Amino acid sequence: MRSSWHLSQKTVSQAYALVSPVYDLVFNRIFYPGRVEAIKVLEPGPEDRILEVGIGTGLNLPLYPHYHRLVGMDLSGKMLRKAQARIYELNAPHVSLTVMDAMRMGFADNTFDHVLATYVISVVPDPTQVLQEIKRVCRPKGHIVILNHFKSEHPVMGRLEGLMAPILTRTGLFKPDLQLTPLLEQAGLIPDQIQRVNLFSGWRLIRCINTKEMSPEVGPIEGGTDGL
Ligand SMILES: C[S@@+](CC[C@H](N)C(=O)[O-])C[C@H]1O[C@@H](n2cnc3c(N)ncnc32)[C@H](O)[C@@H]1O
């Protein structure tokens, strides 16, 4: 089922505050091909309201065809400060950022048309809770796109990832042995496409169509750049 090793939110926050100065240098190139594909399958329209969960330093921002209604949230103010600098560089004033916990989002139900989470879902203490929150804030039939590394189905690789899990989880950077299928089942998400991306096809890009009943209220986007 899910990884038996648990991330502590405090350790995750400390880890990303620490790596924020070098994050782009280390992670941009390795993760880039997956990012390009993720924005493609998200299929954002010019008027769509997009949420990026755990936006980090905003490395996906240059890849969006439109910036009009994008909200980025992250737990780390330090990562978001980098994203804010990127927003100025890109001259994308309509992107707003907010410090928020993905497990308890402060957005109303159905606020967004589509939601993207790249390299985040194995970084949160409770990935199922995050996916449930994503479903809640995304409108029915909206696209939910997850890009992440999941535990390999290859017996040797899977075993190696299991062995590395206690060390990597303790660093707070990510847990390498999160399993995709049980996670989607627990969150009640059915993928309409899955592709393998990045080096050695080691990461998976999953798109789900949000299948849920429409609730009567569609809430506004919470704007502004909070707590940076
Ligand atoms: C590996 S980075 C990915 C950043 C970005 N999505 C990217 O593609 O480069 C993981 C990010 O998740 C954020 N994060 C971790 N736990 C979180 C939580 N509970 N709520 C919101 N963001 C969180 C971290 O602060 C970090 O910025």
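Quick caveat: nothing in here was measured; it's all calculated off a predicted structure. (Residues numbered from 1 in each chain as written. Predicted model: local features only at pLDDT ≥ 70, side-chain atom pairs only at ≥ 80, totals over all residues.)

This part is about the overall build of the protein chain. When helices and strands are tallied, the protein chain shows six helices and seven strands. Reading the protein chain from its N terminus to its C terminus gives the helix and strand order α-α-β-β-α-β-β-α-β-α-α-β-β. Expected size for 228 residues packed as a compact globule is a radius of gyration near 17 Å; at 16 Å, the protein chain falls within 12% of this value. Here the C-alpha coordinates of the protein chain stretch approximately 45 × 40 × 30 Å along the principal axes. Partitioning the contacts of the protein chain with sequence separation of at least 6, the portion at a separation of at least 24 is 75%. (Helix = DSSP H or I, 4+ residues; strand = E, 2+ residues; numbered from the N terminus. Rg over C-alpha atoms; globule rule 2.2 N^0.38 Å. Contact = placed C-beta atoms within 7 Å.)

Membership of the largest hydrophobic core comes to 54 residues, with the highest contact counts inside it found for Val53, Val115, Ala117, Val120, Ile134, Val137 and Ile144. Here the element with the most residues in this core is strand S5 (residues 138-148); it accounts for five residues. (Core = buried A, V, L, I, M, F, W, Y, C linked by C-beta atoms within 7 Å. Buried ≥ 20, exposed ≤ 12 C-beta atoms within 10 Å, placed from the backbone.)

Moving on to the pairing of strand S2 (residues 70-74). Most of S2 is tucked away, with five of its five residues classed as buried. Burial along S2 is two-sided: Leu70, Gly72 and Asp74 and Val71 and Met73, pointing in opposite directions, are all buried. Relative to S2, strand S1 (residues 50-53) runs parallel, the two being bridged by four bridges. Residue pairing for S2: Ile50 is matched across the bridge by Leu70. (Pairing = 2+ DSSP bridges.)

The next subject is the sheet that holds strand S6 (residues 191-197). Within the open sheet, the seven strands sit side by side as S3-S2-S1-S4-S5-S7-S6. Their pairing is mixed. The two strands at the open ends of the sheet, each matched to only one other strand, are strand S3 (95-99) and S6. Taking each pair of neighbouring strands and ignoring which way they run, the sheet shows an average axis angle of 15°. On top of the sheet, helix H3 (residues 77-90) reaches S2 and S3; it is set at about 170° to S3, its chief contact. (Axes fitted to C-alpha atoms, helices over the stretch in contact; angles between N-to-C directions.)

As a further point, take the environment of Ser122. For Ser122, the position within the fold is in the loop between strand S4 (112-118) and helix H4 (127-137). Of the residues examined, Ser122 has 21 C-beta atoms within 10 Å and is grouped as buried. Ignoring any residue separated from it by four or fewer positions in sequence, one finds Ser122 in contact with Pro127, Asn148, His149, Phe174, Lys175 and Leu178.

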